[in-house]
Amino acid sequence: MSNTKKVIREIETQTFNAETGEITNEISSKVVQLPTEPPFVKLYIEDIAALYQLPDGTHRVLVELLKKLDYEGKISLNKTNKLSICEKVGYKTVASLDNYLSKHLVKKGIFRKEGTGVFIPDPHLFGRGKWQDIYKQRQAWLKISYNENGERTVMSSLNEDE
């Protein structure tokens, strides 16, 4: 049983002028192989909160944030979104939410900050959308390679930027 799936993006064809031998039309082909979705086990948000030693009761914040996760793997938090989340989880101020994001989720590597108000949750923990898109997000998040001696190197895109 193969763990890869072939995806054909384009098909290559060439049309020649019989008199001149000149190529009059050319389309290239590209075959991309993606692994199939791996087996999975549900991991509940409360368990992730416990594993990452998040403050008690804050798994509710994580749930509300993940409701904003789009199909590109990003969470965009404008002021309206932040106020809505604060109201639902009982935070008095947006600063409390901002503090939770930076002090707990970003610092512990559960989320990455991409820009003003944009966060990317670890796609190894959370995903939304098609497996091929989540797979690409995972590849961008964490890269594992082996040298000739079999030694493993784990590199995150954060390390590459440093």
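Here the structure is shown first, and the text comes after it.
Residues numbered from 1 in each chain as written. Predicted model: local features only at pLDDT ≥ 70, side-chain atom pairs only at ≥ 80, totals over all residues. Heavy atoms only, no water.

*Asks:* Hey, could you run me through the sheet that holds strand S5 (residues 75-76) in this one?
*Replies:* Hydrogen bonds along the backbone pair up the strands of a sheet, which may run parallel or antiparallel. Strands sit in the order S5-S7-S6 across an open sheet of three strands; the sheet is antiparallel. The sheet is open, and its two borders are formed by S5 and strand S6 (111-115), each paired with just one other strand. Relative to strand S7 (residues 118-121), S5 is paired through two bridges, and the arrangement is antiparallel. For isoleucine 75, the partnering residue across the bridge sits in S7 and is phenylalanine 119. Helix-sheet contacts for helix H4 (residues 94-106) involve S6 and S7, and the interaxial angle to S6 is about 130°. (Pairing = 2+ DSSP bridges. Helix = DSSP H or I, 4+ residues; strand = E, 2+ residues; numbered from the N terminus. Contact = heavy atoms within 4.5 Å. Axes fitted to C-alpha atoms, helices over the stretch in contact; angles between N-to-C directions.)

*Asks:* Sorry, what's going on with unusual backbone geometry here?
*Replies:* Outside of glycine, negative phi angles account for most residues, and trans bonds account for most peptide bonds. In this model, glutamine 53 sits at a positive phi of 50°, which is unusual for a non-glycine residue. Mapped onto the secondary structure, glutamine 53 falls in the loop between helix H1 (45-51) and helix H2 (59-66). We classify glutamine 53 as exposed; its relative accessible area is 64%. (Buried < 20%, exposed > 50% of the residue type's maximum accessible area, 1.4 Å probe, protein only.)

*Asks:* What exactly am I supposed to notice about the packing of aromatic side chains here?
*Replies:* Each pair of aromatic rings is reported with the distance of its centres and the angle of its planes. Counting across every chain of the model gives one aromatic pair. Summarising the aromatic geometry, the rings of tryptophan 131 and tyrosine 135 are spaced 5.9 Å apart at their centres and angled 55° between planes, so their arrangement reads as tilted. Here tryptophan 131 and its partner tyrosine 135 are both found in helix H5 (residues 131-141), four residues apart, which amounts to about one turn of the helix. The positively charged end of arginine 112 is found above the aromatic ring belonging to tryptophan 141, 3.6 Å away from the centroid. Over the aromatic face of tyrosine 71 sits the side chain of arginine 128, whose NZ or CZ is 4.5 Å from the ring centroid. (Phe/Tyr/Trp six-rings, centres within 6.5 Å; stacked < 30°, edge-to-face > 60°. Lys NZ or Arg CZ within 6 Å of the ring centre and 35° of its normal.)

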